[in-house]
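Observations on chain architecture
Spelled out from the first residue to the last, the chains are:
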Amino acid sequence: MTNHSVSVKDLTLNFGAVKVLKNLTLDISEGEFIVLLGSSGCGKSTLLNCIAGLLDISDGEIWIKGKNVTWAEPADRGIGMVFQSYALYPQMSVRGNLSFGLKTAGVPRAEIEKRVARASEVLQIEPLLDRKPSALSGGQRQRVAIGRALVRDVDVFLFDEPLSNLDAKLRADLRVEIKRLHQQLNNTMIYVTHDQVEAMTLADRIAIMKGGHIMQLGTPDEIYSRPQNRYVADFIGSPSMNFIDGQLQDGVFARGDLTIPMAGYNYASPQPPGGPATIGIRPEHVVTGELVGNAPVQLDVTVDIVEPMGSDTLVWTEVAGERFRVRMDGHAQVRHGEPLRIGIVPARASLFDAKSELRL
Amino acid sequence: MSTTATSGPAAAAAPRGPKPRRLSVARIGLYGFLIISALFFLVPLYIMVVTSLKTMPEIRQGHLFGLPETWTVQPWIDAWMHACTGRDCNGLSPGFWNSVKITVPSVFISIVIASINGYALSFWRYRGANLFFGLLVFGAFVPYQVVIYPLIIALREVHLFSTLWGIIIVHTIFGMPILTILYRNYYAAIPSELFKAARIDGAGFWQIFVRIMLPMSVPITIVAIILQVTGIWNDFLFGVIFAGRNNWPMTVQLNNIVNTTTGTRTYNVDMAATIITAAVPLIIYFISGRWFVRGIAAGAVKG
Ligand SMILES: Nc1ncnc2c1ncn2[C@@H]1O[C@H](COP(=O)(O)OP(=O)(O)OP(=O)(O)O)[C@@H](O)[C@H]1O
Ligand SMILES: [Mg+2]
């Protein structure tokens, strides 16, 4: 527990009768960038507010930097927080916003000036210091909001969807800046988002949340390549994974005429299981074109809908009576009604138990 | 149908450019109604003003609508300094200063308390906050007459009945429900993330209120001032009951001037006195009416 920057132990939070977080446990290492990802209403903001001390928790403990801060005031926890709506103090200048926390903490004036200068240099907001927040653009406001956390020299940064009010281009720019900031400061960061791309690009580890539980905690690659259950598999990836329900028997997945021998598949348990199962295949892992010959399993399908997206083309077909998406090259020449030969690599697929939906 | 015409009357029928305005029957009706309503309020005001500038002999001739033949401001001077309110004949001026002494502290105290109440209710959801707010809303609908007698007894017990502070307390209490609701709803529209950010910055109850919330409260405070000044200045009932003879507000003294039974009725003085009494709320409206509308509409003041 010594090298854990933030530890959440058995955290439970109820709003009246509604259990929003249920026995949630999460250990975050020093300097780690954790992204909390999940659909709306799954409790991401609630978890962040609990760590920040802005909500009174119903049960459990919160440790930051080896100290039990479960009952500590937000300001005494060594955290800084950045909100989706920026939450800048509208009547104060940018300088006032940055220095407010330091003033309340009684930091000497010279030290305040030094820290404000340093933070505004890092975030390149020096020319804006004397403006009011209403005279700033969205991106500038969010920088100031980050600066407000920065000046406080905290160990842990909490971000609640900091980029979701910005347009796509600005979001991409600021995303890179946040990553750079993390490399520069090496603080622990906990970052809430809806956006898969943000999650995959920023995170050391991603926690996928659903209904107040963490469904899977792992590196972006683990989450993408070896999703622990069907929910995570479906949630991550765009376009999302194809699922086909069937039977798993002696290492062969079968659904009607379709049989896929799972040679090379890395099972979660030592003995290959059997019974009703679901196979999941990502559209981008379906082989097409000249390489089809190399794929262990080959199928003939009919093209239904073609969605060209520039860099690649999404083709809708049908496999074993189920909708099946295939991602092809942007130059692929396919048309509605044409036959198409596709290849499947079982080693890259995922198998889930039909009942428990857990990875097999 | 011709498709060649691009100008001339045929083209004018095609929708393009500003939409032509037409005076419809409904519009005429609307304007007619508004003009009649305006006259309904303005004619009495006109009569009051001209009467207050006439001499008594001229008034007795009975030309109600005519302009004064000899203009005089003596009625105004009399109303302010010499008119008799019962035994004393010092005009309205003592009542005016009494009203100022009642209104200023009442408005100030009630607004300070109500803004703190509203702030605490919307941001610090302490135990029983909802019950407290429910009671306040209920309080806003309780008819005054019901509580007057218990209040007299309570104030008498603490020796504040018939004193300046007694009437100030009464006005503060009666202003509290509506003002608290006003402030609570105003603060409820402020994003709670602003409050959370201040908490993380280490600010406490008072710091957040004074440094962050108060500077954002100017529009709603102007609304509150207008409500309270007009309400308290125009009050008659509480003044006559709770203030005591020495502190009777202007409205009570006006009533005494107008209803004095001794001597002849001096309509010009009565009119002048009435206008003077109504002047304060009127001036407040004219100065801050613009702000009033803005404050009411300023539900969503965002940074
Ligand atoms: N003050 C509250 N009272 C009651 N229920 C609440 C309250 N705040 C949040 N909830 C509920 O708790 C659940 C989790 O809310 P939370 O804000 O943590 O979701 P989220 O994962 O951050 O969603 P989003 O991505 O939309 O921000 C939701 O179902 C929400 O309705
Ligand atoms: Mg949220």
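Since the structure is predicted, the reported quantities are computational estimates derived from the model, not experimental observations.

A tally of helices and strands in chain B yields 14 helices and zero strands. Reading the secondary structure of chain B in the N-to-C direction produces α-α-α-α-α-α-α-α-α-α-α-α-α-α. Taken against the 2.2 N^0.38 rule, which gives 19 Å for 303 residues, the C-alpha radius of gyration of chain B at 27 Å runs more than 25% over that of a compact globule. Across its three principal directions, the C-alpha atoms of chain B cover 85 × 65 × 30 Å. Expressed as a percentage of contacts within chain B between residues at least 6 apart in sequence, the contacts between residues at least 24 apart total 70%. Entry remark: accessible area of chain B is about 17,800 Å², with carbon and sulfur atoms responsible for 69%. Placing the 21 positive and 9 negative side-chain charges of chain B at their respective mean positions leaves the two points 17 Å apart.

Across all of its chains, the model carries one disulfide over all chains by this definition. The disulfide bridge from B:Cys84 ends at B:Cys89, spanning 1.8 Å between sulfur atoms. Taking the torsion about the sulfur-sulfur bond, which here is approximately 100°, the covalent link between B:Cys84 and B:Cys89 counts as right-handed. Judged by its relative accessible area of 30%, B:Cys84 falls in the partly exposed class. Residue B:Cys89 is classed as partly exposed on the basis of its relative accessible area of 35%. In this structure A:Cys42 is a free cysteine whose sulfur lies 13 Å from that of A:Cys50, the closest cysteine sulfur available.

Turning our attention to helix H9 (residues 192-200) of chain B. For H9(B), the buried fraction is high: eight of the nine residues fall into the buried class. The inward-facing, buried residues of H9(B) abut helix H1 (44-52), strand E6 (79-82), helix H2 (94-104) and helix H4 (138-150) of chain A together with helix H5 (93-123) and helix H10 (205-213) of chain B. One or two positions beyond H9(B), positive phi appears at B:Gly202, with a value near 90°.

On to the site of ligand 1, then. Residues and elements named next belong to chain A. The immediate surroundings of ligand 1 are formed by Phe-15, Val-20, Ser-40, Gly-41, Cys-42, Gly-43, Lys-44, Ser-45, Thr-46, Glu-161 and His-194. Between ligand 1 and the protein, one listed contact pairs an oxygen atom with a backbone N or O atom of Gly-41 at 2.8 Å. Considered on its own, ligand 1 offers 640 Å² of accessible surface; in the complex 57% of this is hidden by protein. In terms of residue count, the dominant contributor to the shell around ligand 1 is H1 (three residues). Per-class residue counts for the shell around ligand 1 are three nonpolar, six polar and two charged.

Quick notes on the rules
- Residues numbered from 1 in each chain as written.
- Chains lettered and ligands numbered in written order.
- Predicted model: local features only at pLDDT ≥ 70, side-chain atom pairs only at ≥ 80, totals over all residues.
- Heavy atoms only, no water.
- Helix = DSSP H or I, 4+ residues; strand = E, 2+ residues; numbered from the N terminus.
- Rg over C-alpha atoms; globule rule 2.2 N^0.38 Å.
- Contact = heavy atoms within 4.5 Å.
- Areas by Shrake-Rupley, 256 points an atom, 1.4 Å probe, with all protein chains shown as cover.
- Lys, Arg positive; Asp, Glu negative; His and termini not counted.
- Charge placed at Lys NZ, Arg CZ, Asp CG, Glu CD.
- Disulfide = S-S within 2.5 Å.
- Buried < 20%, exposed > 50% of the residue type's maximum accessible area, 1.4 Å probe, protein only.
- Near = heavy atom within 4 Å.
- Polar contact = N/O pair within 3.5 Å; in protein donor to acceptor, adjacent residues only side chain to side chain.
- Nonpolar A, V, L, I, M, F, W, Y, C, P; charged D, E, K, R; others polar.

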